[in-house]
Number of protein chains: 2
Amino acid sequence: MSADWFRRRFLPRGPLPAPRPPRPRASPVPYRRPRFLRGSGSSSGTADASRRPDARPVRSPVRGRSLPWNAGYAEIINAEKSEFNEDQAACGKLCIRRCEFGVEEDQEWLTLCSEEFLTGHYWALFDGHGGPAAAILAANTLHSCLRRQLEAVVEGMVATQPPMHLSGHCICPSDPQFVEEKGIRTEDLVIGALESAFQECDEVIGRELEASGQVGGCTALVAVSLKGKLYVANAGDSRAILVRRDEVRPLSSEFTPETERQRIQQLAFIYPELLAGEFTRLEFPRRLKGDDLGQKVLFRDHHMSGWSYKCVEKSDLKYPLIHGQGRQARLLGTLAVSRGLGDHQLRVLDTNIQLKPFLLSVPQVTVLNMDQLEPQEEDVVVMATDGLWDVLSNEQVARLVRSFLPGNREDPHRFSELAKMLIRSTQGTDDSPIQEGQVSYDDVSVFVIPLHQGQGHSSH
Amino acid sequence: MSADWFRRRFLPRGPLPAPRPPRPRASPVPYRRPRFLRGSGSSSGTADASRRPDARPVRSPVRGRSLPWNAGYAEIINAEKSEFNEDQAACGKLCIRRCEFGVEEDQEWLTLCSEEFLTGHYWALFDGHGGPAAAILAANTLHSCLRRQLEAVVEGMVATQPPMHLSGHCICPSDPQFVEEKGIRTEDLVIGALESAFQECDEVIGRELEASGQVGGCTALVAVSLKGKLYVANAGDSRAILVRRDEVRPLSSEFTPETERQRIQQLAFIYPELLAGEFTRLEFPRRLKGDDLGQKVLFRDHHMSGWSYKCVEKSDLKYPLIHGQGRQARLLGTLAVSRGLGDHQLRVLDTNIQLKPFLLSVPQVTVLNMDQLEPQEEDVVVMATDGLWDVLSNEQVARLVRSFLPGNREDPHRFSELAKMLIRSTQGTDDSPIQEGQVSYDDVSVFVIPLHQGQGHSSH
């Protein structure tokens, strides 16, 4: 993505063109549930007509079907919010092949060996909005993008330290020292590959949705195990945590209009055209009205972490760029997340104002060094969409994990049973640990990844 | 600062005008050392001709002159790097007066009471570059800017929670609830005032330097005590740490081209004009050369935390926007810090490329709740310019503090003695804890603030 591209795409010089009505050239993305749920009940995945909490089934893989590392999975559809479950999930083995370079003179000639060079595992959750299509495309595509991006740099992952030149050819004798001084490690190549894969997947989704005349976007939370490390990449408001006997550690941060306020206000400051005179980029405790004119009220601008007072002018009465609190906070009155995939066509209702320039598809990546961690039998990573975290805190989830696992050591499906129990805990049943009235009506999807099972699984 | 202003200032449409030769309309800012050093030796503050480490005097306030909270201070001039000591310091009592509002109908009519409403204390270090003028102006000015900014919001600091309207007048009955939901506390007003004060001071310095035909910039590290809290605001590469018997806690982060790489690359991505075709915004382990053309080499762009490989094109051979490692890292080949005050006229040598759009004057503010901390006799905050931290780690400083204070309980000047000892520890003397060859030739200035002395000092 270049600056020129950004300007051509988002800053037309003349009056803004009307949004193009999508002209479908391909068939719509068919709705589906994750492949690993096959045989586990209603294949349409839509809930039955009533959608009472007790009538919505919690689904998980059939007994006998095992996911990577014997991970558990469960999901529930929302309570009448949408026809389809807009969450999607994917997992599997990640096989990275090595591209052998020819001799130096023939560097353009590559032999793609079919040899598996590096294997890892992959678990992903996608929480869709504006329709299920983007999440389905992401579930179908992101792992392939990641494999491609990893294969493009896998030669650099061979050595203890990535070489300056991918070919391994040393042009300057002190190149290894430059790389050393920058502190560049193999894991930085995996982080870079994850960042590039999210961007590539976002482009694929943009093209596919345009071709099929569909719309929508999704968040993406991905865990990847590779060479003794677990990488967690997040773009959106899903969350992953590590739960051990005496530790609860967040492995991701949420990206919402509130958590990314300064970045979003900064872009509106640099390119006020993006707001088309319809929004104010300033933050106030509430939307201002005529009575506030001339008064000094609390406000924040892009450069501020603290608050100050400003004298209210007429332009401050416009609708705020970021409005609402907590789960109600919206970007341009439209979107509850500030990172994710898709949404290429999304505009503010009845305007030409586009959401996409304010959205990032780049994930934040955290790295868990499994070798250092020495995982114990009941150490797990819990990954879930926001429907779980809206009603359960990290500590509550950790307590549920610790209370469930020790009593179920003999059950080979205990991690899926745990995932199901976590979901049932969000449905306001009698034995639920959540407060009265705190019930999730959203789609909820949960992976429970037992780290001990991953010991020795990674090759090379 | 508006986007229009930014574009007019930094993005002229025609060819860039030559930098205006400064036309002095005011007399130069006179060189001086901090006022509280009066009577403590050579008043010029320049070192004697030899500048051998053992000949450069460590200066601190004369015995009998006490700083706020009985804080200690010491400084040493650099070893022949510049004629003057480019560090500056300031401290004092901060008296915030209350502006009484008239009755509602007369809101434009204000009575400025001379009553002291709120008092606090202030300690500040400024590390100049390109001449001493900016740091002197900052030491003369920033506390007044801060007082003005605090007085502008002090009415909002009266109540337990800042009111939506500064007047206290409630226009919407649920206004307190909106403020509560945003989690806005009194300390957010102080943080906002610090952020605004740094910006105001930066503008003053810009005007004053232009008027006097001088140039230069400085970092700023400020500690402010107010209503039971200690606020540490930092813009640049100075550092403050809290040292307690069993805890060492950083109270600031450094802002350098390396730590702010993504923000700086992002601006160059959005406005490539700022680089005038002379620099590449991409990061490589070293500067590329002709032999690298067509090779795949390690690189990072603005959206990346990780690293990847790219095929080298001709434009990648340009000088990098950020170049060098660690203490040698430079922004546009020119500046070692990415935040601070001044530098309005600074351009890349022999070009019209301006540094200022890449620099931020906004500080990052951390808050220490003194009431919760319950400071003990020997709990101190150590604030120092980068000359100290270049050769001593936080842990080394903490060890020196803990080894010095208990044996010197009877000395009323022990905190200045400690500051002097810390500085001597950077000069490579026999009993120095630093490694062979790790000697500071830079200006070094140190405040040691004993927190126990601050107990009960703050009013209201």
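Only a predicted model underlies this, so the values are computations on that prediction, with no experimental measurement involved. (Residues numbered from 1 in each chain as written. Chains lettered and ligands numbered in written order. Predicted model: local features only at pLDDT ≥ 70, side-chain atom pairs only at ≥ 80, totals over all residues. Heavy atoms only, no water.)

A. Inspection of the state of the cysteines at higher detail. Per the stated rule, a full pass over the model turns up zero disulfides over all chains. In this model Cys145 of chain B remains outside any disulfide bridge; the closest cysteine sulfur is found in Cys201 of chain B, 4.7 Å from its own. (Disulfide = S-S within 2.5 Å.)

B. Layout of the sheet that holds strand β17 (residues 444-450) of chain B. All names here are of chain B. Spatial ordering of the open sheet is given by β1-β17-β16-β6-β7, a layout of five strands whose pairing is antiparallel. Two strands bound the open sheet, and with one partner strand each, they are β1 (72-76) and β7 (247-250). Averaged over all pairs of adjacent strands, the angle between strand axes in this sheet comes to 15°, irrespective of strand direction. Sheet topology note: the β1/β17 ladder contains five bridges and is antiparallel. Pairing of Ile76 across the sheet is with Val444, part of β17. Against the sheet, helix α9 (residues 414-424) makes contact with β1, β16 (380-384) and β17, and its axis sits at roughly 30° relative to β1, the strand it touches most. (Pairing = 2+ DSSP bridges. Helix = DSSP H or I, 4+ residues; strand = E, 2+ residues; numbered from the N terminus. Axes fitted to C-alpha atoms, helices over the stretch in contact; angles between N-to-C directions. Contact = heavy atoms within 4.5 Å.)

C. Here's a closer look at the pairing of strand β5 (residues 220-226) of chain A. All names here are of chain A. For β5, a buried count of seven out of seven residues is recorded, marking the element as mostly surrounded by other parts of the structure. Side chains Ala220, Val222, Val224 and Leu226 project from β5 onto one buried face, and the interleaved Leu221, Ala223 and Ser225 project onto a second face that is buried too. When β5 meets strand β6 (residues 229-235), the two strands line up antiparallel, connected through seven bridges. Looking at the pairing, Ala223 lines up with Val232 of β6. In textbook terms, the turn of a hairpin is the stretch between consecutive antiparallel strands, and for β5 and β6 this stretch comprises two residues, one of which, Lys227, has a positive phi near 50°. (Buried < 20%, exposed > 50% of the residue type's maximum accessible area, 1.4 Å probe, protein only.)

D. Structural view of the packing of helix α8 (residues 394-404) of chain A against helix α9 (residues 414-424) of chain A. Residue and element names in this part refer to chain A. Where α8 contacts α9, the axes come no closer than 11 Å and their chain directions differ by 140°. Viewed along their axes, α8 and α9 adopt a mutual orientation that is oblique. Between α8 and α9 the crossing geometry is right-handed. From α8, Val397, Leu400, Val401 and Phe404 reach across to α9, where they touch Arg414, Glu417, Leu418, Met421 and Leu422. Broken down by class, the residue content of the contact of α8 with α9 amounts to seven nonpolar, no polar and two charged. (Parallel < 35°, antiparallel > 145°, perpendicular 65-115°, else oblique. Left-handed = near helix turned anticlockwise from the far one by under 90°. Nonpolar A, V, L, I, M, F, W, Y, C, P; charged D, E, K, R; others polar.)

E. Molecular detail of the relation of the copies chain B and chain A. Taken as rigid bodies, chain B and chain A are interconverted by a rotation of 180° and an axial shift of 0.0 Å, the fit giving an RMSD of 0.0 Å. Expressed as a symmetry operation, the mapping of one chain copy onto the other fits a two-fold axis. It is Ile270 of chain B whose C-alpha, among those of chain B, lies nearest the rotation axis, at 4.3 Å. Here 100% of the interface residues in chain B have copies in chain A that are interface residues too; the copies meet face to matching face. (Least-squares fit on C-alpha atoms with pLDDT ≥ 70 in both.)

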